[in-house]
Amino acid sequence: MLLTMLEPGAVARIRAISADAAVALRLREMGLRPGTRVRLAGRGAAGARVVAIGATRIAIDRGTSGLIEVEPA
């Protein structure tokens, strides 16, 4: 399933990121990499997703969050 399909409060583990090299690198720099456990903290304007990794919150636009495949954790 994709990150865009998670409901707020759901916890998941990142399986894969299907983005071009530059976007994938930027996501890894922010801590979003395969194996990372994330919680969907909320939804922002225009379909953006706010994910929590520990105490850190990261906003990801709808298009990019559609490139992140997750599995229930």
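Residues numbered from 1 in each chain as written. Predicted model: local features only at pLDDT ≥ 70, side-chain atom pairs only at ≥ 80, totals over all residues. Heavy atoms only, no water.

Student: Hey, could you go over the nonpolar core for me, with residue numbers and the actual values?
Tutor: One broad rule of soluble globular proteins: the nonpolar side chains tend to lie buried together. Counting 14 residues, the largest nonpolar core has L3, I14, L32, V51, I60, I68 and V70 as the members making the most contacts within it. Those elements that provide at least two residues to this core are β1 (11–17), β2 (37–43), β4 (56–60) and β5 (68–72). A per-element tally of this core places β1 first, with three residues. Ignoring any residue separated from it by four or fewer positions in sequence, one finds V70 in contact with M1, L2, L3, L6, A12, R13, I14 and R15. (Core = buried A, V, L, I, M, F, W, Y, C linked by side-chain atoms within 4.5 Å. Buried < 20%, exposed > 50% of the residue type's maximum accessible area, 1.4 Å probe, protein only. Helix = DSSP H or I, 4+ residues; strand = E, 2+ residues; numbered from the N terminus. Contact = heavy atoms within 4.5 Å.)

Student: Describe the sheet that holds β4, listing the residues and the values that go with them.
Tutor: The strands that make up a sheet are held in pairs by hydrogen bonds between backbone atoms, and each pair lies either parallel or antiparallel. If you walk across this open sheet you meet the five strands as β4-β3-β2-β1-β5, and the pairing is antiparallel. Lying at the two open borders of the sheet, with one neighbouring strand each, are β4 and β5. When the angles between neighbouring strand axes are averaged without regard to direction, this sheet yields 45 degrees. Alignment of strand β3 (residues 49–53) against β4, held across five bridges, turns out to be antiparallel. Each residue of the ladder has a partner; that of V51, found in β4, is I58. (Pairing = 2+ DSSP bridges. Axes fitted to C-alpha atoms, helices over the stretch in contact; angles between N-to-C directions.)

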